[in-house]
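# Structure assessment
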Amino acid sequence: MSTPIHDRLLIIDFGSQVTQLIARRLRELNVYCEIHPYQNVSAAFLADFAPKAVILSGGPASVLTDASPRPPVEVFDLGVPVLGICYGQQVMMHMLGGTVESGHGTAEFGRAYVTPSKTKINLLDGWFDSDSEQVWMSHGDHVSAIAPGFEVFGTSPNAPFAITADVSRNFFAVQFHPEVHHTPNGARLYENFVKLAGFTGDWTMSAYREEAIRKIREQVGDEKVICGLSGGVDSSVAAVLIHEAIGDQLTCVFVDNGLLRQNEAEEVVTMFRDHYNMPLIHADEQELFLGELDGQSDPETKRKIIGRLFIDVFQKHAAEVGGAKFLAQGTLYPDVIESVSFSGGPSVTIKSHHNVGGLPEKMGLKLVEPLRELFKDEVRSLGLELGLPSSFIGRHPFPGPGLAIRCPGEITREKLGTLRKADAVYIDQIRKHGLYDEIWQAFVAILPVRTVGVMGDGRTYDFACALRAVTSVDGMTADYYPFSHEFLGETATRIINEVQGINRVTYDITSKPPGTIEWE
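The present account deals with the structure reproduced in this document. What you see is a predicted model; the values in this text were computed from it and never measured. (Residues numbered from 1 in each chain as written. Predicted model: local features only at pLDDT ≥ 70, side-chain atom pairs only at ≥ 80, totals over all residues. Heavy atoms only, no water.)

## As for the packing of aromatic side chains
Where we set the bar: Only centres within 6.5 Å qualify two rings of Phe, Tyr or Trp (six-membered ring in Trp) as a pair; their planes then separate them into stacked at under 30 degrees, edge-to-face at over 60, and tilted for everything else. What counts as a helix is a DSSP run of H or I of at least four residues, what counts as a strand is a run of E of at least two, and both are numbered from the N terminus. Here the term buried applies to any residue with accessible area under 20% of the maximum for its type, exposed to any over 50%, and partly exposed to those in between, with areas from a 1.4 Å probe on protein chains only.
Within the structure shown, the criterion is met by 15 aromatic pairs. For the pair phenylalanine 483 and tyrosine 507, a centre-to-centre distance of 5.4 Å together with 55 degrees between the ring planes defines the contact as tilted. Of this pair, phenylalanine 483 sits in the loop between strand 19 (479–480) and helix 15 (485–498) while tyrosine 507 sits in strand 20 (residues 502–507); the two residues are 24 residues apart in sequence, bridging distant segments of the chain. Taking relative accessible area as the criterion, phenylalanine 483 reaches 10% and is therefore assigned buried. For tyrosine 507, a relative accessible area of 18% translates into the label buried. An aromatic cluster is defined as three or more aromatic residues linked by ring pairs; in this entry it consists of Tyr426, Tyr480, Tyr481, Phe483, Phe487 and Tyr507.

Pasting the structure below:
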């Protein structure tokens with residue numbers, strides 16, 4: 001592990017579903033933090049990492065079982081502030097001499113209210129301005145006796161030790177989850193914690209930009225780098241950052257597979273070739289992709305074809321660069337976290353078309369991943385710092401397989417052309433109504449059915465389409481966007497009038513789960 005440039009906070013993960021939210025809250029405070037599963041954190045790791053503070057996450061286990069997760073005891077000997085959350089509180093009490101019990105009517109799940117029981121401490125600045133604070137509880141076990149040196153500073157009906165602290169050692173423990181939005185004042189608690197730990201908030205995109213450029217130059221030296229440029233935000237920001245670091249040593253490969261949105265290829269190529277003046281191979285491979293997809297209707301088959309062809313095409317054009325030793329990817333921190341399973345079991349499979357999984361090894365290349373410490377919102381901030389247009393940085397996510405998964409059933413050039421036009425009208429409507437930035441992702445799916453309609457005095461037999469728009473934080477869960485009926489009616493009229501081949505428009509109001517955001 002390299003010598004840290006920034007003060008670092010360590011989050012020890014015990015398997016909570018919301019551990020990433022802790023990191024997001026801290027990053028919002030310009031504090032650099034990393035999440036590491038408890039089984040990877042040893043005394044040697046702690047010495048090397050040298051955290052300025054430690055947070056123990058929640059988790060599904062019970063400290064009362066023999067095999068329950070534990071942090072190394074050396075965590076409590078570092079002399080730095082420690083904050084235990086939910087399971088983190090329980091394991092803290094258990095290891096430091098307190099008592100944890102299960103059930104007995106003291107479980108809490110959902111909204112609860114904590115009231116103060118002692119003179120306030122620095123951790124609670126800005127809390128309890130009224131009689132109580134709303135928090136989010138999710139625990140079966142509970143602390144029945146606190147460890148020596150701790151005092152109680154907040155209670156709830158089913159958690160008499162909802163907030164405890166050993167102020168002399170800067171050890172703090174809460175039974176609730178301050179990271180979730182159901183704890184409205186939770187961000188203030190984290191702000192207080194990092195402030196008393198002495199963090200200066202030096203994790204800025206300006207500082208990160210300079211640090212990343214230095215690291216890229218050290219890693220690459222005089223060698224050549226190739227970057228698979230999809231036109232999405234992540235790969236685009238990575239490309240601009242690496243180009244700023246090493247200039248013409250970088251060559252980007254943009255594959256036009258015939259499954260892009262309207263005018264997308266022209267926009268991406270123009271922006272990178274003309275405005276950023278970087279070496280770019282525009283690989284027009286539409287005939288190859290559409291030819292192999294012809295007649296294919298199974299979603300997984302289509303995905304595998306696209307993934308395989310992407311690797312083949314990328315490999316072919318990368319050979320034109322000659323002598324490249326590195327492959328650049330837009331890997332983000334959530335990808336890194338999710339690749340290390342809390343349980344030690346296999347992580348969730350990433351679809352082959354969403355990454356270039358085996359490509360570096362197959363091509364004998366080393367990886368350059370300058371965004372692997374960043375969350376999506378931080379990537380957008382870095383993009384703005386690098387001068388990418390805000391209109392580009394704020395674009396909705398676009399899937400690796402492109403329009404192929406928005407065209408259920410067989411893919412034809414006719415259906416793709418119709419889909420592009422309908423999608424362009426829909427997005428134009430969203431922008432005209434000032435809704436684009438409120439929506440996580442919006443698109444049209446063309447359905448594999450034709451329906452009877454009437455236009456003028458004539459009968460039509462054309463495709464139906466579905467509009468999709470969702471709100472989300474990270475794409476893991478999503479709700480449909482509540483358009484007004486006026487908006488939907490106006491949009492449906494425009495699509496039917498302006499797009500030949502569609503005579504029926506529907507709106508998808510499925511949340512995720514149980515549905516997915518994309519249709520395939």
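## Quick notes on the side chain of histidine 243
To be explicit about the condition: In this description, contact between two residues means that some pair of their heavy atoms is separated by no more than 4.5 Å.
Take histidine 243: it is sitting in helix 6 (residues 233–246). With relative accessibility at 16%, the residue histidine 243 sits in the buried group. If we ignore the near neighbours within four places in the chain, the residues touching histidine 243 are Asp248, Leu250, Tyr276, Asn277, Met278 and Pro279.

## So, the pairing of strand 1 (residues 8–13)
Operational definition: For two strands to count as paired, DSSP must find a minimum of two bridges between them. Think of it like this: strands point away, you trace from the first strand over the helix to the second, and a clockwise trace means the crossover is right-handed.
With six of six residues buried, strand 1 is to be regarded as a mostly interior element. Along strand 1, one buried face is formed by Arg8, Leu10 and Ile12 and the opposite face, lined by Leu9, Ile11 and Asp13, is buried too. Looking at chain direction, strand 1 and strand 2 (residues 32–37) are connected through six bridges and run parallel. Paired with leucine 9 across the two strands is cysteine 33, which belongs to strand 2. A crossover links strand 1 with its parallel partner strand 2, the connecting element being helix 1 (residues 19–28), and its sense is right-handed. Pairing of strand 1 with strand 3 (residues 53–56) involves four bridges; the strand directions are parallel. Pairing of leucine 9 across the sheet is with alanine 53, part of strand 3.

## Looking at unusual backbone geometry
Most peptide bonds are trans, and most residues other than glycine sit at a negative phi. Residue proline 513 is bonded to the preceding lysine 512 through a cis peptide linkage, with omega at -15 degrees. Positionally, proline 513 belongs in the segment after strand 20. The amide bond that connects proline 513 to the next residue, proline 514, takes the cis arrangement and shows omega of 15 degrees. In this fold, proline 514 is placed in the segment after strand 20. Although it is not a glycine, asparagine 30 adopts a positive phi angle of roughly 60 degrees. You can see asparagine 30 is positioned in the loop between helix 1 and strand 2.

Keep in mind these numbers describe shape, not what the thing actually does.
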